[in-house]
Structure formats: structure tokens, C-alpha cells
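What follows is the residue order along each chain.
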Amino acid sequence: MANDSSSRERKVRGKKIRSDREAKERRRAKKNLSTNGQKRAQSQNQRGADGPLSDPSDVVPEPFVSTEQIEGLQNRINGWLDADQPVHLIGPTGCGKTALALSAAAQRGRPVVFINGDEAVDTAALVGQHAGGERYKEDDRYVSGVHKQTEVVRERWVDNPLSVAAREGATLVYNEFSRSNPVAHNVLLSVFEEGVLERPGKRGDDRQIDVHPEFRAILTSNSVEYAGVHEPQDALLDRVVGVNVDFYDEETEREIVGAHVDLSPDRIEQIVAATRALREQLDVVVGTRAAITAAKGIAIFDGSDGDDDIEADRLVDVFTDVLSPKVVGEGDVKDLRNDIESTL
Ligand SMILES: Nc1ncnc2c1ncn2[C@@H]1O[C@H](COP(=O)(O)OP(=O)(O)OP(=O)(O)O)[C@@H](O)[C@H]1O
């Protein structure tokens, strides 16, 4: 298929972001050592110094491909963040929102806090809560012969990711935020508008946190409504700007698949072409993730060193397995397979 593959060497660009794998491993090993130290501290009921904060250089997904199209999106995101506007990345499943959000957050160079949206995420999970009390006894022997002992219980407050991000001026990446119950997001309204974070449940004069001037937020959500997703409240959507992320262009998808799976450029091209054809034809969403998974399957079932065309039957088998979890019953899988066969 297509041009001479030997002349085209595969490149994973993004030198601005991609850091040397060994250096990253060394840094990660060092961080793990310190994180393990923090874990030990946390297990002794002390908070580690940086808790949910990540070093920006550690959050970029590995591998990360950066093409002109991706850089354009990163510039848009960081432009709005520089304008002190929270950004909402909206796009179909598996199109690359999370990777893009993390790479943009890393470019800012500020610590990063990552949260996954979930039905169980409530205000306390975002902001913090009292984590039990610390009991200690006070001895009082001021009067000779009289020994008075008082037991004191001091409530211990633990800040959760949003409070840590607001206080430390981190870039918050809140992935699939619409999976959380919208009520939990009421605290975001004053964070985005007045620059103040209320910590409901926290007593005392430090109930409110003044949000650090470098705090920023990137929210991501899927454009396709499906079970387990809440309609975000308009008041929140009114405080963010939307950057719509659709599937990348063909060249970018090829580079992304090639960065994840060791296959000949011709086979990558064939798999990406098949993915994009199925995306046009099928009712289910066929994302970049599906193309990567299919390529991983081909590398196993067909071996990764051949560069002859992949047999059509093989493509049908692999894409049927990759996409069948998105359809419900046995009969649907047969229909799916027929649709894939007629498309490829
Ligand atoms: N620029 C990139 N470089 C390398 N891999 C990428 C890039 N963008 C996306 N990917 C890969 O594509 C797949 C889908 O990306 P990602 O998880 O970011 O999509 P998503 O839109 O957030 O998906 P979901 O809607 O399921 O959350 C992942 O395997 C990811 O590693």
C-alpha cells in the first residue's frame, strides 16, 4: 500500500515535552523513593509534603507525540490558562483529551494535581474532611498532691486534591469531571470567579482558602452523553471556555499509533485507514485508543516484523474484538462484525 516505507523513518516528535527515557526513569525512581517516604509518613498519620502534587515533568504520558495539530491545541489551551480562564476539553471517547490536558499542564511548568471524575466524588473528596481526632493527655500538677489529667481530642483536617491545588497554585487536571455529581462542583464556582475556596465542614477562620494566583484548571469530558454522566450545571459551564477536541488528522493518528506499537509504517497506515473508515461507518465510537489496541493485536497475531499488507480477515477479527465491548449482546456482535466486514 502507498509509498516506499523504507524512506520514511518513523519519528516521535515532541522534543519539547519528550524527555530522555532513562532520565525520566531515574527521576521516577528518585520520586518513588521520596513518595514511599511520604507514604510511610502518611501511614503514620502525617501528610506527605506534596500529597497529590506531581512534578510537571512526570505527568506527560509516555510516549507523547507532538505534531503541528497537537501543538496548536496546546497553544490554545495554554493561551486561555494564561488569560486565567479554566478550560473545558470536550471530545469523543479515546480522541486524546487526557493526554493533551496533561501535556498542556506540563508545559505550564507548575505542579500538577490530577483528579478522575466519579459518582463517588463529592465536595469532601474534592476539598477535604476531618480525618478523626488525635487524642492526647494533658497533665496538671500545679497544686501539690493534686494530679489532674485532661484528655484532649484535636480534630485533624486533611486537605484533598482541590484544596492542595488551590493553595499551591497547581494546574488541576480534572478528567471526565461530568462523571461526578454536579453538587460537588459548587465549590468550583467561587474558585473560578472570586478566587476563594470554601472548605465546608472546616471550622475556624481558615475555612476559606485564597486561591493561589498561579492556580489553573483543565476539565475534560466526553461529548457523547452516556450512562454515568451528569449534565454539568450551567453556572459552571459559564465560568469555563470550551476547546473542542475531535479525532486528530490521519498523519497525527499514524504517529500516535506508531509511537505505541512497533509495526511497519505501511501496517500502521493500513490500521489507521481502517480505523477512520470504521469511524465514519459504525454507530459505536472508534477512537485513537481503538487503533492502538488493534495495532497491538496485529503485532501479536501477525508478528511485528512483517511489512506486507494485513489480511482483510485478520483486520475484521481484530477490530471485532476491539469494538465488541461497545455493543450489548451476541446478536449485536454478529451485526457489528458484518458492518466491519462490509466497511473493510
Ligand atoms: N499525543 C499523543 N501521543 C501519544 N499517545 C497519545 C497522544 N494522544 C493520545 N494518545 C493515546 O491515545 C489513547 C487515547 O488517549 P486519551 O486517553 O488521552 O483519550 P481521551 O479522549 O482522554 O479518552 P477518554 O475519553 O476515554 O478519557 C491513549 O492510549 C493515549 O496514550
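Remember, it's a predicted structure, so these values are computed and weren't measured experimentally.

## Structural notes on the site of the ligand
No. 1: Every one of the 18 residues lining the ligand counts as a neighbour, but Val65, Lys97, Thr98, Glu176 and His260 are closest to it.
No. 2: Measuring from an oxygen atom of the ligand, one finds a backbone N or O atom of Ala99 at 2.9 Å.
No. 3: His260 places a polar side-chain atom, nitrogen or oxygen, 2.8 Å from a nitrogen atom of the ligand.
No. 4: Notes on the ligand: free accessible area 620 Å², of which the protein chains cover 88%.
No. 5: Most atoms of the ligand, that is more than half of them, are within 2 Å of grid points of the largest pocket.
No. 6: Elements represented by at least two residues in the shell around the ligand include exactly helix 4 (97–108), helix 9 (250–260) and helix 11 (288–301).
No. 7: Here the shell around the ligand takes three residues from helix 4, the largest share from any one element.
No. 8: Taken together, the residues of the shell around the ligand break down into nine nonpolar, six polar and three charged.
No. 9: Two domains each donate at least three residues to the shell around the ligand, and these are domain 1 (56–129 + 157–244) and domain 2 (250–343).

## Here we look at helix 7 (residues 186–193)
No. 1: Among the eight residues of helix 7, six are classified as buried, and the element is accordingly described as predominantly covered.
No. 2: Listed as buried for helix 7 are Val187, Leu188, Leu189, Ser190, Val191 and Phe192.
No. 3: Where helix 7 is buried, its residues meet helix 5 (123–127), helix 6 (161–168), strand 6 (171–175), strand 7 (196–198), strand 9 (216–222) and helix 8 (234–237).
No. 4: Directly beyond the C-terminal end of helix 7, a positive phi value near 70° is found at Gly195.

## Some details on the sheet that holds strand 6
No. 1: A sheet is described by the order of its strands in space; here six strands give the open sequence 1-3-6-9-2-10, paired in mixed fashion. If you trace the sheet from one side to the other, it starts and ends with strand 1 (53–54) and strand 10 (241–244), each paired once.
No. 2: Together, strand 2 (87–91), strand 9 and strand 10 form the strand contacts of helix 3 (residues 68–82), whose direction differs from that of strand 10 by roughly 175°.

## A short note on helix 9
Helical geometry note: an α-helix holds 3.6 residues per turn, so side chains three or four residues apart project in the same direction.
No. 1: Taken as a whole, helix 9 has its buried residues at Thr252, Glu253, Glu255, Ile256, Val257, Gly258 and Ala259.
No. 2: Among the structural elements, helix 3, helix 10 (265–281) and helix 11 are those in contact with the buried residues of helix 9.

## Section: a nonpolar patch on the surface
No. 1: A contiguous nonpolar surface patch, about 370 Å² in accessible area, is contributed by Tyr142, Val143 and Val146.
No. 2: Looking at the secondary structure, you find Tyr142 in the loop between strand 4 (128–140) and strand 5 (148–159).
No. 3: On the accessibility criterion, Tyr142 (77% relative accessible area) is exposed.

## Brief notes about the domain arrangement of the chain
No. 1: What the domain assignment lists for the chain is domain 1 (56–129 + 157–244) and domain 2 (250–343).
No. 2: Taken together, the contacts link ten residues of domain 1 with ten residues of domain 2.
No. 3: Summing both partners gives a buried area of about 770 Å² for domain 1 against domain 2, and 64% of it is carried by carbon and sulfur.
No. 4: In terms of surface lost to domain 2, no three residues of domain 1 exceed Pro63, Val65 and Gly94, which account for 51% of the buried area on that side.
No. 5: Counting across the interface, domain 1 meets domain 2 through zero salt bridges.
No. 6: Applying the counting rule to domain 1 against domain 2 returns three residue pairs in polar contact (both at pLDDT 80 or more).
No. 7: Of the residues in the side of domain 1 that touches domain 2, the class split is six nonpolar, four polar and no charged.

## Things to note about the pattern of salt bridges
For side chains of opposite charge, pairing can occur when their charged atoms come near one another.
No. 1: In total, this model carries 17 salt bridges according to the counting rule given.
No. 2: Close ionic contact of Glu214 with Arg108 constitutes a salt bridge, the shortest N to O distance being 3.0 Å. Here the residue Glu214 occupies a position in the loop between strand 8 (208–210) and strand 9, and Arg108 occupies one in helix 4, the gap between them amounting to 106 residues.
No. 3: Assessed through its relative accessible area of 18%, Arg108 is described here as buried.

## Re the pairing of strand 2
No. 1: Burial runs high along strand 2: five of the five residues are buried.
No. 2: Burial of the side chains of strand 2 extends over both faces: Val87, Leu89 and Gly91 are buried on one face and His88 and Ile90 on the other.
No. 3: Sheet topology places strand 2 next to strand 9; five bridges connect them, and they run parallel. By the bridge assignment, Ile90 is partnered in strand 9 with Ser221.

## Some thoughts on the packing of aromatic side chains
No. 1: Under the counting rule described, the total for this entry stands at one aromatic pair.
No. 2: Centroid distance Tyr174 to Phe177: 6.1 Å. Interplanar angle 65°. Geometry classified as edge-to-face. Here the two residues Tyr174 and Phe177 agree in accessibility, since each one is buried.
No. 3: Across the ring face of Phe247, the terminal group of Arg279 is positioned such that the distance to the ring centre comes to 3.8 Å.

## Digging into the layout of surface pockets
Sizing a probe to match a water molecule and rolling it over the atoms shows the empty space that remains.
No. 1: Size it by volume and the largest pocket reaches roughly 670 Å³.
No. 2: Here the element with the most residues in the lining of the largest pocket is helix 11; it accounts for five residues.
No. 3: Counting the residues that make up the lining of the largest pocket, at least three belong to each of domain 1 (56–129 + 157–244) and domain 2 (250–343).

The rules behind each value
- Residues numbered from 1 in each chain as written.
- Predicted model: local features only at pLDDT ≥ 70, side-chain atom pairs only at ≥ 80, totals over all residues.
- Heavy atoms only, no water.
- Near = heavy atom within 4 Å.
- Polar contact = N/O pair within 3.5 Å; in protein donor to acceptor, adjacent residues only side chain to side chain.
- Areas by Shrake-Rupley, 256 points an atom, 1.4 Å probe, with all protein chains shown as cover.
- 1 Å grid on protein atoms, 1.4 Å probe; cavity = no way out; pocket = protein on both sides within 12 Å on 5 of 7 lines; lining within 4 Å.
- Sits in = over half its atoms within 2 Å of the grid points.
- Helix = DSSP H or I, 4+ residues; strand = E, 2+ residues; numbered from the N terminus.
- Nonpolar A, V, L, I, M, F, W, Y, C, P; charged D, E, K, R; others polar.
- Domains from an automatic or database assignment.
- Buried < 20%, exposed > 50% of the residue type's maximum accessible area, 1.4 Å probe, protein only.
- Contact = heavy atoms within 4.5 Å.
- Pairing = 2+ DSSP bridges.
- Axes fitted to C-alpha atoms, helices over the stretch in contact; angles between N-to-C directions.
- Patch = residues over 30% accessible without salt bridge, like charges linked within 9 Å, V, L, I, M, F, W, Y side chains within 5 Å.
- Salt bridge = Lys/Arg side-chain N within 4 Å of Asp/Glu carboxyl O.
- Buried area = accessible area lost by both parts, 1.4 Å probe.
- Phe/Tyr/Trp six-rings, centres within 6.5 Å; stacked < 30°, edge-to-face > 60°.
- Lys NZ or Arg CZ within 6 Å of the ring centre and 35° of its normal.
- Points joined across faces, edges and corners; volume = space filled by probe spheres on them.

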